[in-house]
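# Breakdown of the fold
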Amino acid sequence: MHIEKNQEIHLLNRPEGMPLPENFELVTVPVNEIGEGEVLVKNNWMSVDPYMRGRMIDRESYIAPFALGKVLDGGAIGEVIESNNPAFSVGSKVAHMSGWREYFISDGKDLQPLPASPIPEQAFLGVLGMPGMTAYTGLLTIGELKKGDNVFVSAASGAVGSIVCQIAKLKGCYVVGSVGSDVKAEYLKHELGVDAVINYKESQDLTADLAKACPNGIDVYFENVGGAHLEAALNVMNDHGRIAVCGMIDQYNATEPVPGPTNLGQIIVKKLKLQGFIVFEHWDNYPTFVQQMGQWIQEGTISYKETVYQGIESAPEAFIGLFTGKNTGKMLVKLG
Ligand code: NDP
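Definitions and limits used
- Residues numbered from 1 in each chain as written.
- Predicted model: local features only at pLDDT ≥ 70, side-chain atom pairs only at ≥ 80, totals over all residues.
- Heavy atoms only, no water.
- 1 Å grid on protein atoms, 1.4 Å probe; cavity = no way out; pocket = protein on both sides within 12 Å on 5 of 7 lines; lining within 4 Å.
- Points joined across faces, edges and corners; volume = space filled by probe spheres on them.
- Helix = DSSP H or I, 4+ residues; strand = E, 2+ residues; numbered from the N terminus.
- Domains from an automatic or database assignment.
- Nonpolar A, V, L, I, M, F, W, Y, C, P; charged D, E, K, R; others polar.
- Salt bridge = Lys/Arg side-chain N within 4 Å of Asp/Glu carboxyl O.
- Buried < 20%, exposed > 50% of the residue type's maximum accessible area, 1.4 Å probe, protein only.
- Contact = heavy atoms within 4.5 Å.
- Buried area = accessible area lost by both parts, 1.4 Å probe.

## Let's talk about the layout of surface pockets
By volume, the second largest pocket is sized at about 490 Å³. What lines the second largest pocket is a set of 23 residues, among which Ala-95, His-96, Gln-112, Phe-124 and Trp-283 lie closest to the centre. Secondary structure elements with two or more residues in the lining of the second largest pocket: β4 (76–83), β5 (93–96), β7 (112–113), α2 (130–142) and α8 (286–299). Both domains that meet at the lining of the second largest pocket, namely domain 1 (3–126 + 305–334) and domain 2 (130–280), each give it at least three residues.

## Thoughts on empty space enclosed by the protein
Enumeration over the complete set of coordinates arrives at 2 cavities of 30 Å³ or more. Its boundaries defined by the atoms lining it, the largest cavity holds a volume of some 60 Å³. Along the walls of the largest cavity sit 13 residues, with Gly-126, Val-127, Tyr-304, Lys-305 and Lys-330 positioned nearest its centre. Put simply, the parts of the chain that give the lining of the largest cavity at least two residues each are α3 (161–170) and β15 (330–334). By residue class, the composition of the lining of the largest cavity is 6 nonpolar, 4 polar and 3 charged. In this structure, the lining of the largest cavity is formed jointly by two domains, domain 1 (3–126 + 305–334) and domain 2 (130–280), each of which donates at least three residues.

## Observations regarding the pattern of salt bridges
Scanning the model with the defined rule gives 9 salt bridges in all. A salt bridge links Asp-107 to Lys-109, with the nearest nitrogen and oxygen atoms 3.6 Å apart. Exposure remark for Lys-109: the relative accessible area of 73% places this residue in the exposed category.

## Quick look at the domain arrangement of the protein chain
Entries for the protein chain in the domain assignment read domain 1 (3–126 + 305–334) and domain 2 (130–280). Spacing between the C-alpha centres of domain 1 and domain 2 amounts to 29 Å. Contacts between the two partners involve 20 residues from domain 1, matched on the other side by 16 residues from domain 2. Summed over both partners, the interface of domain 1 with domain 2 buries about 1,400 Å², with 61% contributed by carbon and sulfur atoms. Considering only the side of domain 1, the residues that lose the most area to domain 2 are Tyr-62, Lys-305 and Thr-328, jointly responsible for 26% of the buried surface there. The tally of links from domain 1 across to domain 2 stands at 1 salt bridge. The shortest N-O distance in the salt bridge between Glu-191 and Lys-305 comes to 3.3 Å. Of the residues assigned to the side of domain 1 that touches domain 2, the class counts are 8 nonpolar, 7 polar and 5 charged.

## Description of the environment of Thr-134
Following the sequence through the fold, Thr-134 ends up in helix α2. Considered as a pair, Thr-134 and Val-164 are 30 residues apart in the sequence and their alpha carbons are 8.8 Å apart.

## What about unusual backbone geometry?
Positive phi is not limited to glycine here, since Trp-100 has a value of about 65°. Even without being a glycine, His-240 presents a positive backbone phi close to 65°. With respect to the helices and strands, His-240 occurs in strand β12 (residues 237–245).

See the structure below:
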């Protein structure tokens, strides 16, 4: 099958500060006939994630930067629509890293067949995929969560944060979340069962508000934001507290070096443990995670939300929206 009108998003130039639509280009690239051992995949869903901002900078990191003038990549779910590969029949659903495009040809090595599941396929980009696995690993392995802990979660209504809040609640913890709007605060309180919420955009004094929301201090801080959030959390942490450093989205668009919190001495005084992590180093645990999370979802113990943009052309807007709080739960783009 020859696909004449395959659309994909290229990185046209590297963003300075907040990414803009002008940094991206929608390009039509035909897809040729498949060869021996190959399959043609039509993407149904693609993910946009904050870590992609780091890949738009030309620097050495744990993952290679995106190349200019080339198609971007990232997590996606597709369907095999033509196959010369006996391992993939037509109609099989696959997870892979060739997002930001409508169609592509694969030899199958980069495709993970989706397990049979009553849960909708796009959940494998969110609650059952990388963000869910990040929440589970960061909270339980890095944060060493214990029953009865006082837990603080920043970016608490997002793909990772909303799952962290719920796992902490089901493990019998007191949970406080920070979010950027009152609507998100309501979601946390009424749908996720979080004990207290701070709208950081309205806060005049984050330390004071956090101390009020956490009358027994903080034992585990799940760090998604950095900056003022980290400074406030350090002030309110209990002795021997743990900080799982997952992300620092407050800095991803910074154009100058970002000053550290002024109170890092609290790490010594309170004998804290701060540990950064990258979820892919823990991927051996994915089968255990997916079994457990699938069960929680089907029991109704864990719920999840998605914010969906339509069409490949909306992918840059969806990505930019991560930095202006446009999403509740997982930010996704529906293709086709
Ligand atoms: P989210 O779904 O949480 O989307 C981002 C959210 O962050 C926005 O909705 C917004 O919500 C909030 N936000 C954006 N800018 C700021 C800011 N300047 N200050 C405070 N909040 C902000 O994204 P994910 O759940 O996918 O990711 C959450 C964090 O986890 C990110 O930092 C990401 O980089 C990190 N991460 C790390 C991984 C790892 O392996 N270490 C793996 C996956 C994610 P609001 O309206 O509340 O401001």
